[in-house]
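Read off the chains here:
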Amino acid sequence: MTTIKYIRPFLRFVHGSLPSNSQRFLHVERRKDHLRLIDKNDTIDFHYIWLRHNCFEIGKSIHPQTGERIVDCAEIPSTIEPEHVELIDNEQKLKIVWSKDHTSLFDLSYLLANAYGKNRIETKKPQTKIEDIEFVYNKNEYDTYLRNCAERLKKFGLVVVRQRGLDTEELINDFLPHGASVVETHFGRIEDLRTDNTTNQNTDQLGYTNAAINLHTDQPFIADPPGMQLLQCISRADIGGSNTFVNAGDAALYLREIDPNAYYLLTTIPVHFHRKQKQFESIHIGPIIETENDKIKQVRHSYFTLAPFHFPFWLTTAYYNAYRVYASILYDPQCQYKVALNREDFVLYDNYKMLHAREAFTGPRHLRGIYFRQTDVWKKLENYGKDKNVLCKK
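Residues numbered from 1 in each chain as written. Predicted model: local features only at pLDDT ≥ 70, side-chain atom pairs only at ≥ 80, totals over all residues. Heavy atoms only, no water.

A.B. asks: Explain the overall build of the protein chain to me, please; I cannot follow it from the model alone.
C.D. replies: Counting its secondary structure elements, the protein chain contains nine helices and 22 strands. Over its C-alpha trace the protein chain gives a radius of gyration of 28 Å, far above what one expects of a compact globule, namely 21 Å for 394 residues. Oriented by its inertia axes, the alpha-carbon framework of the protein chain measures out at about 90 × 55 × 35 Å. In the protein chain, which comprises 394 residues, the proportion classed as buried is 48%. (Helix = DSSP H or I, 4+ residues; strand = E, 2+ residues; numbered from the N terminus. Rg over C-alpha atoms; globule rule 2.2 N^0.38 Å. Buried < 20%, exposed > 50% of the residue type's maximum accessible area, 1.4 Å probe, protein only.)

A.B. asks: Could you clarify how one ought to interpret the pattern of salt bridges in this entry?
C.D. replies: Close approach of charged atoms lets side chains of opposite charge pair. Here the structure, examined in full by the defined rule, presents 24 salt bridges. Of the charged contacts, one joins Arg 36 and Asp 45 as a salt bridge, the two residues approaching to 2.7 Å between their closest N and O atoms. Comparing Arg 36 with Asp 45, the two get one shared label, buried. Here Asp 101 makes a salt bridge to Lys 60, at a shortest N to O gap of 3.6 Å. In this pair, Asp 101 sits in the loop between β5 (93-99) and β6 (102-107) while Lys 60 sits in the loop between α2 (48-53) and β4 (84-88), placing the two residues 41 residues apart along the sequence. Each member of the salt-bridge network shares a partner with another, and the members are Glu 29, Arg 31, Arg 36, Asp 45, Arg 120, Glu 122 and Glu 257. (Salt bridge = Lys/Arg side-chain N within 4 Å of Asp/Glu carboxyl O.)

A.B. asks: Hey, could you run me through the pairing of strand β13 (residues 243-247) in this one?
C.D. replies: Within a regular strand, the side chains alternate between the two sheet faces. The element β13 is extensively covered by neighbouring structure, given that five of its five residues are classed as buried. Where burial is concerned, the two faces of β13 agree: the one with Asn 243, Phe 245 and Asn 247 and the one with Thr 244 and Val 246 are both buried. Relative to strand β18 (residues 336-339), β13 runs antiparallel, the two being bridged by four bridges. Of the residues in β18, the one forming a bridge with Thr 244 is Lys 338. (Pairing = 2+ DSSP bridges.)

A.B. asks: Please clarify how the packing of helix α4 (residues 142-156) against helix α5 (residues 168-175) should be interpreted in this entry.
C.D. replies: Running from amino to carboxyl end, α4 crosses α5 at an angle of 65°, the nearest separation of the two axes being 11 Å. The angle between α4 and α5 falls in the class roughly perpendicular. In this structure, the crossing between α4 and α5 has a hand that is right-handed. In contact with Tyr 142, Tyr 145, Leu 146 and Cys 149 of α4, α5 contributes Leu 171, Asp 174 and Phe 175. A breakdown of the residues in the contact of α4 with α5 according to their chemical character gives six nonpolar, no polar and one charged. (Axes fitted to C-alpha atoms, helices over the stretch in contact; angles between N-to-C directions. Parallel < 35°, antiparallel > 145°, perpendicular 65-115°, else oblique. Left-handed = near helix turned anticlockwise from the far one by under 90°. Contact = heavy atoms within 4.5 Å. Nonpolar A, V, L, I, M, F, W, Y, C, P; charged D, E, K, R; others polar.)

A.B. asks: So what exactly am I meant to see when it comes to helix α7 (residues 260-268) here?
C.D. replies: Each full turn of the α-helix corresponds to 3.6 residues, which orients residues three or four apart in the same direction. Among the residues of α7, those classed as buried are Ala 262, Tyr 263, Leu 265, Leu 266 and Thr 267. Of the surrounding elements, those touching the buried residues of α7 are α6 (248-258), β16 (289-292), β17 (295-299) and α8 (313-330).

A.B. asks: How should the domain arrangement of the protein chain be read in this particular structure?
C.D. replies: For interface size, the figure often reported is the accessible area lost on association. Per the domain assignment, the segments making up the protein chain are domain 1 (27-118) and domain 2 (130-382). A separation of 45 Å is found between the C-alpha centroids of domain 1 and domain 2. (Domains from an automatic or database assignment.)

A.B. asks: Looking at this model, I keep getting lost on the sheet that holds strand β8 (residues 158-162). Mind explaining?
C.D. replies: Strands in a sheet are paired, the pairing made by backbone hydrogen bonds, and the direction either parallel or antiparallel. The sheet built from six strands is open, its strands ordered β7-β8-β19-β11-β22-β9 with mixed pairing. The outermost strands of the open sheet, each flanked by one partner alone, are β7 (134-136) and β9 (191-193). Within this sheet the neighbouring strands show an average axis-to-axis angle of 20°, counted without direction. Two strands pair when backbone bridges link them, and β7 and β8 are joined in this way by three bridges, in the parallel orientation. Bridge pairing in β8 places Phe 135 opposite Val 161. Each of β11 (228-235), β19 (346-350) and β22 (366-372) touches α5; the most contacted strand, β22, lies at about 30° to it.

A.B. asks: Would you explain the layout of surface pockets in this entry?
C.D. replies: To find leftover empty space, a probe the size of one water molecule is rolled over the atoms. Counted as a void, the largest pocket has a volume near 1300 Å³. Surrounding the largest pocket, 43 residues form its lining, Gly 249, Asp 250, Leu 253, Ile 296 and Lys 353 being those nearest its centre. Grouping the amino acids of the lining of the largest pocket by side-chain chemistry returns 16 nonpolar, nine polar and 18 charged. The calculated volume of the second largest pocket comes to roughly 400 Å³. Asp 33, His 34, His 47, Arg 120 and Glu 257 are, among the 16 residues lining the second largest pocket, the residues nearest its centre. The set of elements that each furnish at least two residues to the lining of the second largest pocket consists of β3 (43-47) and α6. Class assignment of the residues belonging to the lining of the second largest pocket gives a composition of three nonpolar, five polar and eight charged. Two domains each provide a minimum of three residues to the lining of the second largest pocket, namely domain 1 (27-118) and domain 2 (130-382). (1 Å grid on protein atoms, 1.4 Å probe; cavity = no way out; pocket = protein on both sides within 12 Å on 5 of 7 lines; lining within 4 Å. Points joined across faces, edges and corners; volume = space filled by probe spheres on them.)

A.B. asks: Would you mind showing me how to read the packing of aromatic side chains here?
C.D. replies: To describe a pair of aromatic rings, one takes the distance between the centres and the angle between the planes. Applying the stated criterion across every chain, the model contains 21 aromatic pairs. Ring geometry for Tyr 145 versus Phe 175: centroids 6.4 Å apart, planes at 65°, classification edge-to-face. With a gap of 30 residues between them, Tyr 145 in helix α4 and Phe 175 in helix α5 connect regions that are remote in the sequence. Note on accessibility: Tyr 145 and Phe 175 belong to one class, buried. Relative to Tyr 320, the ring of Phe 309 lies with its centre 5.1 Å away and its plane at 55°, an arrangement referred to as tilted. (Phe/Tyr/Trp six-rings, centres within 6.5 Å; stacked < 30°, edge-to-face > 60°.)

A.B. asks: Would you explain the state of the cysteines in this entry?
C.D. replies: A covalent bond between the sulfur atoms of two cysteines is what we call a disulfide. As enumerated under the stated definition, the model contains zero disulfides in all. The thiol of Cys 55 is unpaired, and the distance to the nearest cysteine sulfur, on Cys 73, comes to 14 Å. (Disulfide = S-S within 2.5 Å.)

Below is the structure:
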């Protein structure tokens, strides 16, 4: 039988003989459900439950004869918190006091080797200010105009420009490089979003009515939706008609922070987006939140083209709950931009990350909608910046 004489040296090897690291964390900070180690350049976060689960204390966590773990993580309360934490031994060990009769001791080398939360950027609930995204066009400062558009698009996902004018083709040229064209859809090249539309095809949809339209992305029912949309105000409504925008990408990251299970369902379970009109039909199957390398690549969100769910019975309620949690962030006023476009104003936004909506209205509201490829818009802004030395590369 293996005796404690041989087990304890083995534990010291596992616990203390990992590759050495000269890094020293000079401060430890207790958070709500995790602990943060801090030095000049780095931080490492560990959940309290992870630290308790990986404790090396003989008799409390490790069997004295076999060296095996004796605590199932299911037995550890999810609300566990230490009574005291401190760095000792010249900041090379972390001491955690759980109770008067249980203390954990971790070598810094062990924590560095298992650092799953190193330099983690904490995601906070999105907060919006209209002054961040809007400015007034000045024809004598065209360079500044494009620079301001680029900076706001990059940082916030949208830009609102006041008093740019009514020349739609001139506006299109602002954001297209030489030889590129707008993205045509089943509506046509340019949409005239008005109740008396006579210029577009397939107008049997909400955009050509005066009804309220809730938050959504455009064209989620096709495989490759246009990446950016511009809405130019030709005439505003008499009453109502204001727009709402929300960064669904930022909201998704916050969802991941507060409800990982909901985030997992919305990023992995495919749904059907189905648009069926008199002379047009299209279906796309995919998750509402599409990720790439743990980043938000694209959000497809359109309640009026979302086909009936066909999930297993045991999954359906869970998915609706996940959708509801995400929606609670999207519909929170503090996460939204409220924008009233006046004649000659426009808004340009990222159709992969931004949701948009509008109020019901009365009167002759007329907006023109233009779709762009993201690569075209950024190529124009980047190339213009190289020529004029005023724009930073995206």
